[in-house]
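Fold and geometry: a report
Here is what each chain is made of, one letter per residue.
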Amino acid sequence: MNISSSGSVMSYRDSYLDLDPNYTDSNDQPLLRMTFNWHDNEIKMAQFTTNKAGEIAKAMNPESYKVNAKKLGARYDTRPYQTTHNTGGAIMGSDPKTSVVNRHLQSWGVPNVFVMQACVFPQNFGYNPTGLVGALAYWSANAIREQYLKKPGPLVQA
Ligand SMILES: Cc1cc2nc3c(=O)[nH]c(=O)nc-3n(C[C@H](O)[C@H](O)[C@H](O)COP(=O)(O)OP(=O)(O)OC[C@H]3O[C@@H](n4cnc5c(N)ncnc54)[C@H](O)[C@@H]3O)c2cc1C
């Protein structure tokens, strides 16, 4: 059997998405550029949870066990599988200066645009995002049906 652990990544000012100044797609549109790297917290968290998993394995008194002490690389690398829960980029929030969509996932700037994806997460957590993506889509659809369609326009005044 295998014991694995998942950490989470805090929201850092130096982690962001923007339009790539050099690379474009087949329509000459700029590609999305991701700027991200581990901070000390992620590296320490990974070491801590790996050690705890080792203690749990040992306490189960198995005939044998092995702790995979492979550390996070010095730099983030998209190639190895690492649960691949990359979220954020168009985050929800209460202030249009620091977020892209309001609590109903409605664009602050363009009120007839609603964004229902993991990109609205202001903070990633350690576990599976898809349930929350679905729940937020229901939440947003309900606001569209119950509020927006009756009175189109911004649902939150800021
Ligand atoms: C290998 C792998 C395993 C995973 N396992 C799990 C798991 O077990 N449990 C879990 O909860 N999560 C899992 N995830 C994460 C989960 O898949 C994502 O968090 C989730 O799919 C995010 O949903 P989304 O709607 O935000 O984005 P996506 O599902 O990526 O949807 C984005 C959509 O936008 C479309 N799109 C992109 N650009 C354009 C454009 N210009 N115009 C029109 N459409 C566009 C794309 O084609 C895509 O359909 C896994 C991810 C990976 C990669």
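Values in this document were obtained by computation on a predicted structure and should not be read as measured data.

1. Comments concerning the overall build of the chain
Looking only at helices and strands, the chain features two helices and two strands. Relative to a compact globule of 158 residues, whose C-alpha radius of gyration would be 15 Å, the chain shows 20 Å and is clearly more extended. Along the first, second and third principal axes, the C-alpha set of the chain runs to 65 × 40 × 30 Å. In the chain, buried positions account for 24% of the 158 residues. Intrachain contacts of the chain at a sequence separation of at least 6 include 55% that bridge at least 24 residues. Taking the average location of the 15 positive side-chain charges in the chain and that of its 12 negative ones, the two points are 7 Å from each other.

2. With respect to the nonpolar core
In this structure, A90, M92, V101, L105, V115, A118, C119, V120, F121 and L136 together form the largest nonpolar core, which totals ten residues. Filtering out sequence-adjacent residues up to four positions away, M92 remains in contact with S99, V101, N102, R103, L105, V120, P122 and L136.

3. Notes on a nonpolar patch on the surface
A contiguous nonpolar surface patch, about 470 Å² in accessible area, is contributed by M1, I3, I56 and M60. Of the residues examined, I56 reaches a relative accessible area of 47% and is grouped as partly exposed.

4. What about the pattern of salt bridges?
Tallying each qualifying case throughout the model produces five salt bridges. Note that R33 and D18 form a salt bridge whose closest N and O atoms lie 2.8 Å from each other. Taken together, the positions of R33 in strand β2 (residues 30-35) and D18 in strand β1 (residues 16-24) put the pair 15 residues apart, joining distant regions of the chain. You can call D18 partly exposed: its relative accessible area is 24%. Of the charged contacts, one joins K52 and E55 as a salt bridge, the two residues approaching to 3.5 Å between their closest N and O atoms. Pair noted here: K52 and E55 are both in helix α1 (residues 40-59), with a separation of three residues, about one helical turn. Residue class for K52 comes out partly exposed when judged on its relative accessible area of 37%. Among the ionic contacts, a cluster of salt bridges with common partners joins R145, E146 and K150.

5. Quick notes on the environment of V101
Among the secondary structure elements, V101 is positioned in the loop between α1 and α2 (130-148). Accessibility expressed as a relative area gives 0% for V101, which makes it buried. Apart from residues no more than four positions distant in its own chain, V101 is found in contact with A90, I91, M92, G93, Q106, S107, W108, V115 and V120.

6. Some points on the pairing of β1
As judged from the five bridges shared by β1 and β2, these two strands associate in the antiparallel manner. Looking across to β2, one finds that L17 is bridged to M34. Linkage of β1 to β2, two consecutive antiparallel strands, is achieved through a turn of five residues, within which D28 is found at a positive phi near 65°.

7. Description of the confidence of the model for the chain
Residue-level pLDDT values for the chain average 91, and 98% of them are 70 or greater. Across the chain, the element-wise mean pLDDT spans from 92 in α1 up to 97 in α2.

The rules behind each value
- Residues numbered from 1 in each chain as written.
- Predicted model: local features only at pLDDT ≥ 70, side-chain atom pairs only at ≥ 80, totals over all residues.
- Heavy atoms only, no water.
- Helix = DSSP H or I, 4+ residues; strand = E, 2+ residues; numbered from the N terminus.
- Rg over C-alpha atoms; globule rule 2.2 N^0.38 Å.
- Buried < 20%, exposed > 50% of the residue type's maximum accessible area, 1.4 Å probe, protein only.
- Contact = heavy atoms within 4.5 Å.
- Lys, Arg positive; Asp, Glu negative; His and termini not counted.
- Charge placed at Lys NZ, Arg CZ, Asp CG, Glu CD.
- Core = buried A, V, L, I, M, F, W, Y, C linked by side-chain atoms within 4.5 Å.
- Patch = residues over 30% accessible without salt bridge, like charges linked within 9 Å, V, L, I, M, F, W, Y side chains within 5 Å.
- Areas by Shrake-Rupley, 256 points an atom, 1.4 Å probe, with all protein chains shown as cover.
- Salt bridge = Lys/Arg side-chain N within 4 Å of Asp/Glu carboxyl O.
- Pairing = 2+ DSSP bridges.
- pLDDT = per-residue confidence, 0-100.

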